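Spelled out from the first residue to the last, the chains are:
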Amino acid sequence: MQCPFPGMDPYLERPSIWPDFHDSLVSYIREALQPLLRPKYGALSQHRTYIVNDDRSVWPDVSVLHRHHGTESTSAIATMEATADPALVVDILLEEIREPYIEIIQPSAGNRIVTAIEVLSPANKQPGAGLDSYHRKQSDLWRGGTNLVEIDLLRAGDSPIQIDKYYLSRLKSRRYLAAVTRAAPTRYELYGFALTDRLPRIAVPLADGDPDVVLDLPKVFQRCWETGPYPEFLNYDQSVPGDLSDDEKEFCGGVVGSGPAAGG
(Lines give C-alpha, C1' and ligand atoms only; values in the text may rest on other atoms or scores of the structure.)
Protein backbone atom coordinates (compact mmCIF):
# COMPACT_ATOMS: atom_id res chain seq x y z
CA MET A 1 0.00 0.00 0.00
CA GLN A 2 1.37 3.38 -1.02
CA CYS A 3 1.72 6.20 1.50
CA PRO A 4 -0.81 8.87 0.48
CA PHE A 5 1.64 11.71 1.11
CA PRO A 6 4.38 12.49 -1.44
CA GLY A 7 6.99 12.93 1.30
CA MET A 8 6.78 12.77 5.07
CA ASP A 9 3.45 11.52 6.43
CA PRO A 10 2.63 13.96 9.28
CA TYR A 11 0.30 11.45 10.91
CA LEU A 12 3.38 9.40 11.81
CA GLU A 13 4.31 12.17 14.25
CA ARG A 14 1.66 10.99 16.72
CA PRO A 15 3.36 10.08 20.04
CA SER A 16 1.74 6.63 19.99
CA ILE A 17 3.09 5.86 16.50
CA TRP A 18 6.44 7.66 16.28
CA PRO A 19 8.62 5.31 18.41
CA ASP A 20 7.79 2.31 16.22
CA PHE A 21 8.29 4.30 13.03
CA HIS A 22 11.55 5.80 14.27
CA ASP A 23 13.13 2.45 15.14
CA SER A 24 11.91 0.83 11.94
CA LEU A 25 13.25 3.67 9.80
CA VAL A 26 16.69 3.34 11.38
CA SER A 27 16.68 -0.39 10.64
CA TYR A 28 15.68 0.11 7.01
CA ILE A 29 18.30 2.83 6.51
CA ARG A 30 20.90 0.31 7.67
CA GLU A 31 19.46 -2.31 5.31
CA ALA A 32 19.53 0.08 2.34
CA LEU A 33 23.12 1.19 2.94
CA GLN A 34 24.68 -2.19 3.64
CA PRO A 35 25.08 -3.40 0.02
CA LEU A 36 26.42 0.03 -0.99
CA LEU A 37 29.13 -0.13 1.66
CA ARG A 38 30.57 -3.59 1.00
CA PRO A 39 33.28 -4.75 1.02
CA LYS A 40 35.21 -1.89 2.59
CA TYR A 41 32.66 -0.70 5.17
CA GLY A 42 29.79 -2.02 7.25
CA ALA A 43 26.78 -0.41 8.92
CA LEU A 44 26.08 -1.36 12.54
CA SER A 45 23.06 -0.51 14.66
CA GLN A 46 24.01 1.04 17.99
CA HIS A 47 22.03 2.42 20.91
CA ARG A 48 22.47 5.57 22.95
CA THR A 49 21.19 4.97 26.49
CA TYR A 50 20.18 7.48 29.12
CA ILE A 51 18.05 7.57 32.26
CA VAL A 52 15.01 9.77 32.79
CA ASN A 53 13.23 10.46 36.07
CA ASP A 54 9.48 10.52 36.50
CA ASP A 55 9.03 12.33 39.82
CA ARG A 56 5.65 12.01 41.48
CA SER A 57 5.35 14.17 44.60
CA VAL A 58 2.77 13.55 47.34
CA TRP A 59 2.07 16.17 50.02
CA PRO A 60 0.53 14.77 53.23
CA ASP A 61 -2.70 16.48 54.21
CA VAL A 62 -1.80 16.71 57.94
CA SER A 63 1.41 16.63 59.93
CA VAL A 64 0.52 14.65 63.08
CA LEU A 65 2.13 15.36 66.42
CA HIS A 66 1.93 13.03 69.45
CA ARG A 67 2.13 14.18 73.10
CA HIS A 68 4.04 11.82 75.37
CA HIS A 69 3.91 12.15 79.20
CA GLY A 70 7.02 11.08 81.05
CA THR A 71 7.38 9.02 84.21
CA GLU A 72 7.00 10.60 87.65
CA SER A 73 10.55 11.95 87.54
CA THR A 74 9.81 13.79 84.33
CA SER A 75 6.11 14.32 84.73
CA ALA A 76 6.55 18.07 84.75
CA ILE A 77 7.94 17.96 81.24
CA ALA A 78 5.59 17.39 78.36
CA THR A 79 7.31 16.59 75.12
CA MET A 80 5.98 17.00 71.61
CA GLU A 81 7.46 14.36 69.34
CA ALA A 82 6.82 14.34 65.63
CA THR A 83 6.00 11.06 63.97
CA ALA A 84 8.28 9.64 61.24
CA ASP A 85 5.86 10.93 58.61
CA PRO A 86 7.78 13.13 56.15
CA ALA A 87 6.35 16.40 54.90
CA LEU A 88 6.88 15.40 51.28
CA VAL A 89 7.01 12.00 49.61
CA VAL A 90 8.59 11.72 46.18
CA ASP A 91 8.36 8.54 44.16
CA ILE A 92 11.21 8.50 41.63
CA LEU A 93 10.70 6.16 38.73
CA LEU A 94 13.89 5.63 36.76
CA GLU A 95 13.36 4.67 33.15
CA GLU A 96 16.11 3.62 30.76
CA ILE A 97 15.67 5.04 27.27
CA ARG A 98 17.45 3.42 24.33
CA GLU A 99 17.68 5.36 21.08
CA PRO A 100 19.03 3.54 18.01
CA TYR A 101 21.39 5.09 15.51
CA ILE A 102 23.79 3.81 12.85
CA GLU A 103 27.56 3.75 12.72
CA ILE A 104 29.43 3.11 9.49
CA ILE A 105 32.57 1.20 10.41
CA GLN A 106 35.82 0.69 8.51
CA PRO A 107 37.15 -2.75 9.63
CA SER A 108 40.50 -2.36 7.88
CA ALA A 109 41.21 0.72 10.01
CA GLY A 110 40.65 -0.98 13.36
CA ASN A 111 36.85 -0.70 13.20
CA ARG A 112 37.11 3.05 12.98
CA ILE A 113 33.78 4.88 13.07
CA VAL A 114 33.67 6.81 9.82
CA THR A 115 30.11 8.14 9.81
CA ALA A 116 27.18 8.20 12.22
CA ILE A 117 23.55 8.50 11.10
CA GLU A 118 20.91 9.83 13.48
CA VAL A 119 17.14 10.02 13.08
CA LEU A 120 15.96 12.53 15.67
CA SER A 121 13.35 11.66 18.27
CA PRO A 122 11.08 14.07 20.21
CA ALA A 123 13.33 13.76 23.29
CA ASN A 124 16.25 15.12 21.23
CA LYS A 125 14.28 18.30 20.51
CA GLN A 126 13.30 19.47 23.98
CA PRO A 127 15.29 20.24 27.14
CA GLY A 128 16.08 17.20 29.27
CA ALA A 129 18.11 14.03 29.41
CA GLY A 130 17.42 13.11 25.78
CA LEU A 131 18.78 16.39 24.43
CA ASP A 132 21.76 16.35 26.81
CA SER A 133 22.64 12.82 25.70
CA TYR A 134 22.32 13.81 22.05
CA HIS A 135 24.60 16.84 22.43
CA ARG A 136 27.22 14.71 24.20
CA LYS A 137 27.16 12.26 21.30
CA GLN A 138 27.48 15.10 18.79
CA SER A 139 30.55 16.43 20.59
CA ASP A 140 32.15 12.98 20.84
CA LEU A 141 31.71 12.39 17.11
CA TRP A 142 33.10 15.77 16.10
CA ARG A 143 36.11 15.41 18.39
CA GLY A 144 36.72 11.96 16.92
CA GLY A 145 36.72 13.24 13.34
CA THR A 146 33.54 11.35 12.45
CA ASN A 147 31.10 12.44 9.74
CA LEU A 148 27.55 12.97 10.97
CA VAL A 149 24.25 12.64 9.11
CA GLU A 150 21.22 14.00 11.01
CA ILE A 151 17.63 13.50 9.81
CA ASP A 152 14.84 15.49 11.46
CA LEU A 153 11.34 14.38 10.37
CA LEU A 154 9.54 16.04 13.27
CA ARG A 155 7.91 19.46 13.01
CA ALA A 156 7.61 20.06 16.76
CA GLY A 157 10.45 21.23 19.00
CA ASP A 158 13.77 22.95 18.43
CA SER A 159 16.18 21.05 16.24
CA PRO A 160 19.49 20.16 17.96
CA ILE A 161 21.28 20.25 14.61
CA GLN A 162 23.99 22.80 15.34
CA ILE A 163 24.02 24.90 12.20
CA ASP A 164 24.27 28.69 12.23
CA LYS A 165 20.77 30.18 11.99
CA TYR A 166 21.96 32.37 9.14
CA TYR A 167 22.43 29.35 6.92
CA LEU A 168 19.15 27.80 8.05
CA SER A 169 17.36 31.03 7.13
CA ARG A 170 18.61 30.69 3.56
CA LEU A 171 16.75 27.43 3.04
CA LYS A 172 13.58 27.72 1.00
CA SER A 173 11.84 25.48 3.51
CA ARG A 174 12.95 23.84 6.74
CA ARG A 175 9.75 22.31 8.05
CA TYR A 176 11.81 19.14 7.97
CA LEU A 177 15.58 19.08 7.88
CA ALA A 178 18.54 16.86 7.15
CA ALA A 179 22.15 17.87 7.65
CA VAL A 180 25.47 16.28 6.72
CA THR A 181 28.52 17.40 8.69
CA ARG A 182 31.74 16.35 7.01
CA ALA A 183 34.67 16.02 9.37
CA ALA A 184 37.64 16.81 7.13
CA PRO A 185 37.51 19.49 5.99
CA THR A 186 34.55 20.60 8.09
CA ARG A 187 31.62 21.30 5.81
CA TYR A 188 27.85 21.37 6.24
CA GLU A 189 25.33 20.25 3.66
CA LEU A 190 21.70 21.09 4.38
CA TYR A 191 18.50 19.61 3.03
CA GLY A 192 15.39 21.60 3.93
CA PHE A 193 12.01 20.38 2.73
CA ALA A 194 8.34 21.10 3.24
CA LEU A 195 5.40 18.88 4.07
CA THR A 196 4.43 19.06 0.41
CA ASP A 197 7.88 18.00 -0.87
CA ARG A 198 9.35 14.62 -1.59
CA LEU A 199 11.95 13.42 0.86
CA PRO A 200 15.52 14.09 -0.30
CA ARG A 201 18.19 11.66 -1.40
CA ILE A 202 21.09 12.29 0.97
CA ALA A 203 24.83 11.99 0.31
CA VAL A 204 26.49 9.89 3.02
CA PRO A 205 30.24 10.59 3.30
CA LEU A 206 32.82 7.90 3.94
CA ALA A 207 36.58 8.06 4.59
CA ASP A 208 38.82 10.43 2.68
CA GLY A 209 39.29 9.39 -0.93
CA ASP A 210 36.17 7.23 -1.12
CA PRO A 211 33.06 8.50 -2.93
CA ASP A 212 29.85 9.14 -1.08
CA VAL A 213 27.06 6.60 -1.05
CA VAL A 214 23.52 7.86 -1.52
CA LEU A 215 20.76 7.24 0.99
CA ASP A 216 17.55 7.05 -1.03
CA LEU A 217 15.34 8.32 1.78
CA PRO A 218 12.09 8.24 -0.26
CA LYS A 219 12.63 4.55 -1.05
CA VAL A 220 13.55 3.68 2.53
CA PHE A 221 10.59 5.62 3.89
CA GLN A 222 8.16 3.87 1.58
CA ARG A 223 9.50 0.43 2.54
CA CYS A 224 9.17 1.32 6.21
CA TRP A 225 5.63 2.61 5.72
CA GLU A 226 4.50 -0.42 3.68
CA THR A 227 5.87 -3.05 6.06
CA GLY A 228 4.55 -1.35 9.20
CA PRO A 229 1.02 -1.28 10.65
CA TYR A 230 0.57 2.37 9.76
CA PRO A 231 -2.37 2.19 7.30
CA GLU A 232 -4.41 0.52 10.06
CA PHE A 233 -3.34 2.85 12.89
CA LEU A 234 -2.86 6.34 11.49
CA ASN A 235 -6.55 7.33 11.59
CA TYR A 236 -6.63 9.70 8.66
CA ASP A 237 -10.15 10.74 9.64
CA GLN A 238 -8.65 12.52 12.67
CA SER A 239 -6.66 15.73 12.81
CA VAL A 240 -2.96 15.96 11.98
CA PRO A 241 -0.85 16.20 15.15
CA GLY A 242 0.93 19.49 15.78
CA ASP A 243 0.54 22.93 14.29
CA LEU A 244 -0.10 23.46 10.60
CA SER A 245 -0.12 26.55 8.43
CA ASP A 246 -3.27 27.28 6.43
CA ASP A 247 -1.57 26.00 3.27
CA GLU A 248 -0.56 22.79 5.05
CA LYS A 249 -4.09 22.25 6.34
CA GLU A 250 -5.43 22.62 2.83
CA PHE A 251 -2.77 20.26 1.48
CA CYS A 252 -3.44 17.57 4.11
CA GLY A 253 -7.18 17.84 3.56
CA GLY A 254 -6.67 17.26 -0.15
CA VAL A 255 -4.45 14.23 0.47
CA VAL A 256 -6.59 12.34 3.00
CA GLY A 257 -10.03 13.50 1.86
CA SER A 258 -12.64 15.39 3.80
CA GLY A 259 -11.41 14.48 7.30
CA PRO A 260 -10.22 17.27 9.62
CA ALA A 261 -6.71 18.48 8.84
CA ALA A 262 -6.22 21.07 11.55
CA GLY A 263 -3.43 20.36 13.98
CA GLY A 264 -4.35 18.90 17.36
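Structure first, text after, so check above.
Presented here is an overview of the structure given in this document.

Calculation rules
Residues numbered from 1 in each chain as written. Predicted model: local features only at pLDDT ≥ 70, side-chain atom pairs only at ≥ 80, totals over all residues. Heavy atoms only, no water. Helix = DSSP H or I, 4+ residues; strand = E, 2+ residues; numbered from the N terminus. Buried < 20%, exposed > 50% of the residue type's maximum accessible area, 1.4 Å probe, protein only. Contact = heavy atoms within 4.5 Å. Areas by Shrake-Rupley, 256 points an atom, 1.4 Å probe, with all protein chains shown as cover. 1 Å grid on protein atoms, 1.4 Å probe; cavity = no way out; pocket = protein on both sides within 12 Å on 5 of 7 lines; lining within 4 Å. Points joined across faces, edges and corners; volume = space filled by probe spheres on them. Nonpolar A, V, L, I, M, F, W, Y, C, P; charged D, E, K, R; others polar. Axes fitted to C-alpha atoms, helices over the stretch in contact; angles between N-to-C directions. Parallel < 35°, antiparallel > 145°, perpendicular 65-115°, else oblique. Left-handed = near helix turned anticlockwise from the far one by under 90°. Salt bridge = Lys/Arg side-chain N within 4 Å of Asp/Glu carboxyl O.

All right, on to the overall build of the protein chain then. Scanning the protein chain for helices and strands turns up six helices and 10 strands. Split into buried and exposed, the 264 residues of the protein chain put 41% on the buried side. A sequence separation of at least 24 residues applies to 64% of the contacts in the protein chain between residues at least 6 apart. Per element, the accessible surface of the protein chain, about 14,800 Å² overall, is 51% carbon and sulfur.

Further remarks concern the layout of surface pockets. Approximately 660 Å³ is the volume found for the largest pocket. Forming the walls of the largest pocket are 29 residues, and the residues nearest its centre are Trp 18, Ser 121, Pro 122, Ala 123 and Leu 154. For the lining of the largest pocket, the secondary-structure elements that each account for two or more residues are helix H1 (18-37), strand E1 (42-58), strand E4 (89-106) and helix H2 (129-143). Class assignment of the residues belonging to the lining of the largest pocket gives a composition of 14 nonpolar, seven polar and eight charged. Lining the second largest pocket we find 15 residues, and of these Asp 158, Ser 159, Leu 168, Arg 174 and Leu 177 sit closest to its centre. Residue composition of the lining of the second largest pocket, grouped by class: six nonpolar, two polar and seven charged.

A cis geometry characterises the amide bond from Arg 38 onward to Pro 39, with omega recorded as 5 degrees. Among the secondary structure elements, Pro 39 is positioned in the loop between H1 and E1. A positive phi angle, near 60 degrees, is found at Asn 111, a position not held by glycine. As for its placement among the helices and strands, Asn 111 is situated in the loop between E4 and strand E5 (112-119). Even without glycine at this site, Asn 235 takes up a positive phi of about 55 degrees. Relative to the elements of secondary structure, Asn 235 occurs in the loop between helix H5 (230-233) and helix H6 (246-256).

Below, the discussion takes up the environment of Arg 170. For Arg 170, the location among the structural elements is in the loop between helix H3 (165-169) and strand E7 (176-183). Overall, Arg 170 belongs to the exposed group, its relative accessible area being 58%. With 22 residues separating them in the primary sequence, Arg 170 and Gly 192 have C-alpha atoms 9.7 Å apart.

For Ser 133, the location among the structural elements is in helix H2. Not counting residues within four places of it along the chain, the set of residues in contact with Ser 133 comprises Arg 48 and Tyr 50.

The geometry of H1 relative to helix H4 (residues 217-227) is characterised by a closest axis approach of 9 Å and an angle of 130 degrees between their N-to-C directions. The pairing of H1 with H4 is recorded here as oblique in orientation. As for the relative orientation of H1 and H4, their crossing is right-handed in sense. On H4, the residues that touch Phe 21, Ser 24, Leu 25, Tyr 28, Ile 29, Glu 31 and Ala 32 of H1 are Val 220, Phe 221, Arg 223, Cys 224 and Thr 227.

With that settled, consider the pattern of salt bridges. Summed over the entire model, instances satisfying the criterion amount to 13 salt bridges. Close ionic contact of Arg 175 with Glu 248 constitutes a salt bridge, the shortest N to O distance being 2.8 Å. Of this pair, Arg 175 sits in the loop between H3 and E7 while Glu 248 sits in helix H6, and the two are 73 residues apart along the sequence. Assessed through its relative accessible area of 28%, Arg 175 is described here as partly exposed. Where Arg 182 meets Glu 189, a salt bridge forms, and the shortest distance between an N and an O atom there is 2.4 Å. Look at Arg 182 and you get buried, because its relative accessible area is 12%. Classification of Glu 189 by relative accessible area gives buried; the value is 17%. Bridged by salt links that share partners, the residues Arg 182, Arg 187, Glu 189 and Asp 212 form one connected network.

Structural measurements only, silent on function.
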